[in-house]
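Structure at a glance
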Amino acid sequence: MLCLRYSPVIFTTRRQETTQLPKNYSPNIVVCEAKGPRPRYPRVWKTKRKIGTISKSLKLVECIKGLSNVKEEVYGALDSFIAWELEFPLITVKKALKILENEKEWKRIIQVTKWMLSKGQGRTMGSYFMLLNALAEDERLEEAEELWLKLFTQNLESMPRIFFQKMISIYYHREMNEKMFEIFADMEELGIRPTVPVVTMVGNVFQKLGMLDKYQKLNKKYPPPKWEYRYIKGKRVKIRTKDLDKSHDHDVVSKSEEVDEPEFDENSEDQEDEVEDNVEQLKEVDECEPGEISTVPSETRESSMST
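As the structure is a computational prediction, the values presented were derived from the model and not from experiment. (Residues numbered from 1 in each chain as written. Predicted model: local features only at pLDDT ≥ 70, side-chain atom pairs only at ≥ 80, totals over all residues. Heavy atoms only, no water.)

Structural notes on the packing of aromatic side chains
What counts is decided by this rule: Note on aromatic pairs: the rings of Phe, Tyr and Trp (six-membered ring only in Trp) are paired at centre separations within 6.5 Å, and the planes decide the class, stacked below 30 degrees, edge-to-face beyond 60, tilted for the rest. Secondary structure elements follow DSSP: runs of H or I no shorter than four residues count as helices, runs of E no shorter than two count as strands, and numbering proceeds from the N terminus. Each residue is placed in one exposure class: buried if its accessible area under a 1.4 Å probe, protein chains only, is under 20% of its type's maximum, exposed if it is over 50%, and partly exposed if it falls in between. In this scheme, the term charge over a ring applies when either NZ of a lysine or CZ of an arginine sits within 6 Å of the ring centre and within 35 degrees of the ring normal.
Under the defined criterion, the tally for this structure stands at seven aromatic pairs. Taking the centre distance of 5.4 Å and the plane angle of 80 degrees together, the rings of Phe-129 and Phe-163 count as edge-to-face. Note that Phe-129 is positioned in helix H5 (residues 125–137) and Phe-163 in helix H7 (residues 161–173), a separation of 34 residues in sequence. Judged by relative accessible area, Phe-129 falls into the partly exposed class, the value being 21%. Summarising the aromatic geometry, the rings of Trp-148 and Phe-152 are spaced 5.3 Å apart at their centres and angled 20 degrees between planes, so their arrangement reads as stacked. Taken together, the residues Trp-148 and Phe-152, both in helix H6 (residues 141–154) and four residues apart, mark about one turn of the helix. The rings of Trp-148, Phe-152 and Phe-164 are connected pair by pair, giving a single aromatic cluster. One cation-aromatic arrangement involves Arg-236 over Tyr-229; the distance from NZ or CZ to the ring centre is 3.8 Å. When the ring centre of Trp-227 is taken as origin, the NZ or CZ atom of Lys-238, which lies over that ring, is 4.9 Å away.

Here you go:
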């Protein structure tokens, strides 16, 4: 076999000058005759430069925004965007959908989600819920109902509760009471406990229609929760709902007082001191542990209610 080894060989140039290779010479460097070592550049398909999913999602959003609402044009732009990808960029598309949702681009969300589902990717309940929300916000109620019926028939026993709440809110804002009652009846048949917003919406409809007996039965069957969980300084804290209502009312009062500050007289300093004392008392209530909240003195609660 022919074996070639690199060794410190002496080359002669045209001018009969001797050049000796350095000791740090590596066999991966190609040596030219009179120009010295030439570096090897990385291949295009083995580039070390990596692009994150956030920048890709921003590029995808920019690529879609300037297009018209024609289906073929949008789908063609999306296909050309992922043409050189070895795998479907699911994370990039999901982040792009989140950006579009924050910007309330409902038509683009519908187009991108349907394109993603046509590729057989992202068939999760999260993507279906985003599509349902976008259809409802875009006033395409018939398509939203078709999607709801399809998902409800396929996932009868494993349907998430948030879908029921979304459909009830859609019918509630459009005053479609019969369909709202049908979905609420489906929740009770399947044994799904309704959330507080669902109970309030159904109760409001009962009051508007004059069904006070059903309204009372609904409140007895699904009473409002006495405790709620809040995250305070990274810790999960159990707080009474009454204390939350008081703190919310106090925040509203304090904001109204901040707006009316220029109208105060010279005697307004006493009022400001009282507001600051109440704020400190409410902070103490929020920072209490789950077992300590019920032991808060009633004076602080009465003072917060008086504000």
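Still to come is the rest of the account.
Focus on the nonpolar core
Selection rule: Definition of nonpolar core: a set of buried residues of the types Ala, Val, Leu, Ile, Met, Phe, Trp, Tyr and Cys, connected through side-chain atoms within 4.5 Å. Between two residues, a contact is recorded if the distance between any of their heavy atoms is within 4.5 Å.
Core analysis: the largest hydrophobic core is formed by 52 residues, its most contacted members being Val-93, Trp-115, Trp-148 and Phe-164. Each residue touching Phe-164, except ones within four places of it in the same chain, is listed here: Trp-148, Phe-152, Met-159, Ile-183, Asp-186, Met-187, Leu-190 and Ile-192.

Observations regarding the layout of surface pockets
Filter applied, for reference: Residues are called lining when one of their atoms sits within 4 Å of a cavity or pocket point, these points coming from a 1 Å grid over the protein atoms alone, where a cavity is a set in which a 1.4 Å probe fits but cannot get out and a pocket is an open set with protein on both sides within 12 Å along at least five of seven lines. Grid points are joined across faces, edges and corners, and a volume is the space filled by probe spheres set on the points.
Put simply, the second largest pocket is a space of about 290 Å³. Around the second largest pocket sit 15 residues that line it, and Val-196, Val-199, Tyr-222, Pro-223 and Pro-224 are the ones nearest its centre. Listing elements by their share of the lining of the second largest pocket, those giving two or more residues are helix H9 (196–209) and helix H10 (212–221). Of the residues forming the lining of the second largest pocket, the biggest block, six residues, is contributed by H9.

Looking at the pairing of strand E5 (residues 227–232)
Rule in force here: A pair of strands counts as paired when DSSP detects no fewer than two bridges linking them.
Here six bridges tie E5 to strand E6 (residues 235–240), and the two strands are oriented antiparallel to one another. Following the sheet pairing, Ile-232 is matched in E6 by Lys-235. Following E5, the chain reverses through two residues before pairing antiparallel with E6; Lys-233 in that reversal takes a positive phi of roughly 55 degrees.

What about H5?
Our working rule: Expected span, for any helix, means 1.5 Å times one less than how many residues it has.
With 13 residues, H5 should cover 18 Å at 1.5 Å per step; its first-to-last C-alpha distance of 18 Å lies within 8% of that length. By the burial criterion, the buried members of H5 are Ser-127, Tyr-128, Met-130, Leu-131, Leu-132, Asn-133, Ala-134, Leu-135 and Ala-136. Of the surrounding elements, those touching the buried residues of H5 are helix H3 (90–102), helix H4 (106–118), H6 and H7. Positive backbone phi, approximately 60 degrees, marks Glu-139, located one or two places after H5.

A short note on the pattern of salt bridges
The criterion, for reference: Between Lys or Arg on one side and Asp or Glu on the other, a salt bridge is scored when a side-chain nitrogen of the former is within 4 Å of a carboxyl oxygen of the latter.
Under the criterion given, the structure shown has 10 salt bridges. Here Lys-119 ties to Asp-79 by a salt bridge, and the two come within 3.1 Å at their closest N and O atoms. With Lys-119 in the loop between H4 and H5 and Asp-79 in helix H2 (residues 71–81), this residue pair connects regions lying 40 residues apart in the sequence. Classification of Asp-79 as partly exposed rests on a relative accessible area of 33%. Close ionic contact of Arg-174 with Glu-139 constitutes a salt bridge, the shortest N to O distance being 3.3 Å. Highlighted residues: Arg-174 in the loop between H7 and helix H8 (177–190) and Glu-139 in the loop between H5 and H6, separated in sequence by 35 residues. Residue classification places Arg-174 among the partly exposed residues on the basis of a relative accessible area of 28%. With a relative accessible area of 59%, Glu-139 lands in the exposed category. Each of Lys-114, Asp-138, Arg-140 and Glu-143 takes part in salt bridges that share partners, so that together they form one network.

Describing the side chain of Ser-57
Residue placement: Ser-57 occurs in helix H1 (residues 53–65). Ser-57 gets classed as buried once you look at its relative accessible area, which sits at 1%. Setting aside its immediate chain neighbours within four residues, Ser-57 contacts Thr-92, Lys-95, Ala-96 and Ile-99.

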